[in-house]
Amino acid sequence: MVNQITIEKTKKPKEKPNQDHLEFGHNFTDHMFLMDYTEGKGWHDARILPYAPLSLDPSTMVLHYGQAVFEGLKAYRTEEDKILLFRPNKNMERLNLSNERLSIPPIDGEFIIQAIKELVHIDKDWIPTKEGTSLYIRPFIIATDATLGVHPSHSYLFLVILSPVGAYYPEGIKPVKINVESGYVRAVRGGTGFAKTAGNYASSLKAQEDAEKNGYSQVLWLDGIEQKYIEEVGSMNVFFKINGEVVTPALNGSILNGITRDSIIHLLKEWDIPVIERKVSVEELYGAHVNGALEEAFGTGTAAVISPIGELSWMDKKMTINNGEIGELSQKLYDTITGIQNGKIEDKFGWTVEVEAINVK
Ligand SMILES: *Cc1c(COP(=O)(O)O)cnc(C)c1O
């Protein structure tokens, strides 16, 4: 395993984007992190370089067979001008689970967190300062063998890129309309649903496009076997408050184990609010709606933290939830998690990790 990172700083720093108009994932900082894997040699040549295009042979495996995994986390600037990461060790654990499923060699999570800290520190002036903004961090690994044979690659490239992102809700949290997808499925038993891999997204695009055409912002996925049980929303996990109890689909191998999901479960337990991980059928949900027991629904993920669901559409049935407004518990969870992330609320769980001034060579 490597433990040295060489650094080459850019000679042409880019102009920083206007903080008031940051579109998600459109702007990238001045530097990126790279590291190579070669069979027999392991991961090597960890380096921070000026952000630049990659040069790949057209036969590069990832372009044909999608052997690729990724992660997503954020760096937040506090009022005291500290920089915090949120539970980055969880991202590294999950990255290695994804690696295992995709036959990609494991990475040393602690080393990568160190690399992320160095990179974020070098580009720290790119972290926006306005309330609700952050620096999105995208680690990813691609298979780089230049051959068309179908087999796990013998070489890989690990990268980390950074993108300043604006407040997800510049005008206050707005609940979204979601379509329950009854045709396409996202993941199946024995498949890659629990891994954060490019292919899961490729196969989800069609349903997402159809939902958008019909005025919905996301898709609520059902299980791939019976198409009865709720799995997750687009790129978020999902929670329902039914009769005072919070319910979320249990991790069954086809659902992504979200770090926001895990943090919410911890907070609810801390607050003595009943929270249960179990199977939830869409029929049960509809029944709860008809009985007036469906009090709140929300998606959870790093990008939005909490995305309240104001309306669910299932076949010809529509469920309006909490009058299409954000629920009290959804708001409290949002305020608490974002408060911990930006250092305004005490971090009792030890979730935040400071990016300290490290020796930048
Ligand atoms: C990344 C992701 C999530 C959310 O995970 P977080 O760790 O909370 O950001 C949920 N579902 C899918 C499919 C994802 O890719």
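Calculation rules
- Residues numbered from 1 in each chain as written.
- Predicted model: local features only at pLDDT ≥ 70, side-chain atom pairs only at ≥ 80, totals over all residues.
- Heavy atoms only, no water.
- Near = heavy atom within 4 Å.
- Polar contact = N/O pair within 3.5 Å; in protein donor to acceptor, adjacent residues only side chain to side chain.
- Areas by Shrake-Rupley, 256 points an atom, 1.4 Å probe, with all protein chains shown as cover.
- Nonpolar A, V, L, I, M, F, W, Y, C, P; charged D, E, K, R; others polar.
- 1 Å grid on protein atoms, 1.4 Å probe; cavity = no way out; pocket = protein on both sides within 12 Å on 5 of 7 lines; lining within 4 Å.
- Points joined across faces, edges and corners; volume = space filled by probe spheres on them.
- Helix = DSSP H or I, 4+ residues; strand = E, 2+ residues; numbered from the N terminus.
- Axes fitted to C-alpha atoms, helices over the stretch in contact; angles between N-to-C directions.
- Parallel < 35°, antiparallel > 145°, perpendicular 65-115°, else oblique.
- Left-handed = near helix turned anticlockwise from the far one by under 90°.
- Contact = heavy atoms within 4.5 Å.
- Domains from an automatic or database assignment.
- Buried area = accessible area lost by both parts, 1.4 Å probe.
- Core = buried A, V, L, I, M, F, W, Y, C linked by side-chain atoms within 4.5 Å.
- Buried < 20%, exposed > 50% of the residue type's maximum accessible area, 1.4 Å probe, protein only.
- Phe/Tyr/Trp six-rings, centres within 6.5 Å; stacked < 30°, edge-to-face > 60°.
- Lys NZ or Arg CZ within 6 Å of the ring centre and 35° of its normal.

**Q** Mind showing me how you'd approach the site of the ligand here?
**A** Neighbouring residues of the ligand: 15 residues in total, closest Lys196, Tyr201, Glu232, Thr260 and Thr302. Between Tyr201 and the ligand, the recorded distance is 2.4 Å, taken from a side-chain N or O atom to an oxygen atom. In the model, an oxygen atom of the ligand is placed 2.6 Å from a nitrogen or oxygen of the Thr302 side chain. About the coverage of the ligand: the protein hides 96% of its 380 Å² of free accessible area. Residues of the shell around the ligand, tallied by class, amount to four nonpolar, seven polar and four charged.

**Q** Help me understand empty space enclosed by the protein, please; the structure alone is not making it clear to me.
**A** To find leftover empty space, a probe the size of one water molecule is rolled over the atoms. Under the criterion given, the structure shown has one cavity of 30 Å³ or more. Looking at the largest cavity, its volume works out to about 100 Å³. Lining the largest cavity we find 13 residues, and of these Tyr76, Phe86, Thr260, Thr302 and Gln341 sit closest to its centre. Looking at the lining of the largest cavity, the element that brings in the most residues is strand S5 (residues 73-77), giving three residues.

**Q** In this structure, what is going on with the packing of helix H2 (residues 88-101) against helix H3 (residues 109-122)? I would like to understand it.
**A** Think of two packed helices as two axes; the pair is described by the angle between the axes and how far apart they sit. One way to put it is that H2 packs onto H3 with a least axis distance of 9 Å and a crossing angle of 130 degrees. What the angle tells us is that H2 and H3 run oblique. Note on packing geometry: the crossing formed by H2 with H3 is right-handed. Residues Pro88, Asn89 and Met92 of H2 pack against Gly109, Ile112, Ile113 and Ile116 of H3. Counted by class, the contact of H2 with H3 contains five nonpolar, two polar and no charged residues.

**Q** Could you clarify how one ought to interpret the domain arrangement of the protein chain in this entry?
**A** A common measure of how large an interface is: the accessible area buried when the components associate. Segmentation of the protein chain into domains returns domain 1 (6-170 + 350-354) and domain 2 (176-325). Using C-alpha coordinates to define each centre, domain 1 is positioned 27 Å away from domain 2. Listed as interface residues are 20 residues of domain 1 and, on the opposing side, 23 residues of domain 2. Carbon and sulfur atoms supply 62% of the area that domain 1 and domain 2 bury against each other, a total of about 1,800 Å² over both sides.

**Q** Even after reading the chapter, I still don't get the nonpolar core, so can you show me in this structure?
**A** Phe33, Val120 and Phe158 are the most contacted members of the largest nonpolar core, which totals 48 residues. Per-element accounting of this core gives the leading share, eight residues, to H3. Counting 23 residues, the second largest nonpolar core, distinct from the first, contains Phe240, Val280, Ala288 and Leu312.

**Q** Looking at this structure, I do not really get the packing of aromatic side chains. What am I missing?
**A** The tally for this structure, following the rule as stated, stands at 11 aromatic pairs. Aromatic pair Tyr37 and Trp43: ring centres 5.2 Å apart, planes at 65 degrees, arrangement edge-to-face. Here Tyr37 matches Trp43 in class, with each residue buried. In textbook terms, an aromatic cluster arises when at least three aromatic residues are bridged by ring pairs, as seen for Phe33, Tyr37, Trp43, Tyr156 and Phe158. The side chain of Lys177 reaches across the aromatic face of Tyr216, ending 5.7 Å from its centre.

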